[in-house]
Amino acid sequence: MNSSDSDLQIAGDLLEVQHLLRPAREHPVTVAEFVGLARTIAADRDLWAPLVQYDATSRWYHRLRKGPGYEVWLLSWVPGQGSGLHDHGPSSGVLTVLDGELTERTDRGKRTLGAGAQRVFAPGYLHDVVNDSLEPAVSLHVYYPGLTDMPMHTAQCAPAVATA
Ligand SMILES: [Fe+2]
């Protein structure tokens, strides 16, 4: 169908009818909005890059933002550092690689996540994230609700002692 077959036509400048457009929300609510928030932050390198620190002795993380019901964390990964196999308790989340490359292992295999890659996961999602590369990596994690529990698991996926 081309546009001449449609009964709907927009006359004039749509931006002149702001009262008909839904106002932008201050905070994300939908999955798409959480993904969008992560992408917006990822694109603002001046916001996050100066904050990043690398720590070879323990995982470095920094809470970048907090909103109603959600938190945004910045993490760094030196080569070889990994999370171990874990889930996220009742939280769902969006993982976004900001710099470098991370490898995610799940019971369905492994995937390499380069800068800009995003993973959206629901509560109960089990994964192990590791920097298998030779360069440091940085990632952004949005959790909804904020991460209060990160149960660790053995490689056989049986629950183990929570450590974070
Ligand atoms: Fe995770």
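The structure presented is a predicted model; accordingly, all values stated were derived computationally and were not measured. (Residues numbered from 1 in each chain as written. Predicted model: local features only at pLDDT ≥ 70, side-chain atom pairs only at ≥ 80, totals over all residues. Heavy atoms only, no water.)

Chemist: Even after reading the chapter, I still don't get the overall build of the protein, so can you show me in this structure?
Modeler: From N to C terminus, the protein includes two helices and eight strands. Each helix and strand of the protein, ordered N terminal to C terminal, gives the series α-α-β-β-β-β-β-β-β-β. Taken against the 2.2 N^0.38 rule, which gives 15 Å for 164 residues, the C-alpha radius of gyration of the protein at 20 Å runs more than 25% over that of a compact globule. Taken over the C-alpha atoms alone, the protein extends approximately 60 × 35 × 35 Å along its principal axes. The buried share of the protein, reckoned over its 164 residues, is 37%. On the protein, the mean spot of the 13 positive side-chain charges and the mean spot of the 19 negative ones are 5 Å from each other. (Helix = DSSP H or I, 4+ residues; strand = E, 2+ residues; numbered from the N terminus. Rg over C-alpha atoms; globule rule 2.2 N^0.38 Å. Buried < 20%, exposed > 50% of the residue type's maximum accessible area, 1.4 Å probe, protein only. Lys, Arg positive; Asp, Glu negative; His and termini not counted. Charge placed at Lys NZ, Arg CZ, Asp CG, Glu CD.)

Chemist: Would you explain the coordination of the iron ion in this entry?
Modeler: In a perfect tetrahedron of four donors around a metal, the angles come out at 109.5 degrees. In a perfect octahedron of six, they are 90 or 180 degrees. Looking at the iron ion, the protein donor atoms are His-86 (NE2), His-88 (NE2) and His-127 (NE2), and they sit 2.1 Å from it. Mapping the donors of the iron ion onto the primary sequence gives the spacing H-x1-H-x38-H. Here the residue His-86 occupies a position in the loop between strand S2 (70-77) and strand S3 (92-99), and His-127 occupies one in the loop between strand S6 (118-121) and strand S7 (128-130), the gap between them amounting to 41 residues. Looking at His-86, the relative accessible area reads 4%, which means it is buried. A residue is classified by how much of its surface remains accessible, and His-127, at 2% relative accessible area, is buried. (Donors = N, O, S within 2.8 Å, 3.2 Å for Na, K, Ca; no water.)

Chemist: Whenever I open this one, the side chain of Gln-81 confuses me. Can you help?
Modeler: Relative to the assigned elements, Gln-81 resides in the loop between S2 and S3. Polar contacts involving the side chain of Gln-81 include one to the main-chain carbonyl oxygen of Asp-55, which spans 2.7 Å. (Polar contact = N/O pair within 3.5 Å; in protein donor to acceptor, adjacent residues only side chain to side chain.)

Chemist: Would you mind going over the sheet that holds strand S4 (residues 101-106) with me for this structure?
Modeler: Neighbouring strands of a sheet are bound in pairs by backbone hydrogen bonds; such pairs are parallel or else antiparallel. Ordered in space as S5-S4-S7, the three strands form an open sheet in which the pairing is antiparallel. The sheet is open, and its two edges are formed by strand S5 (109-114) and S7, each paired on a single side. For this sheet, the mean angle separating the axes of adjacent strands, direction not counted, is 20°. (Pairing = 2+ DSSP bridges. Axes fitted to C-alpha atoms, helices over the stretch in contact; angles between N-to-C directions.)

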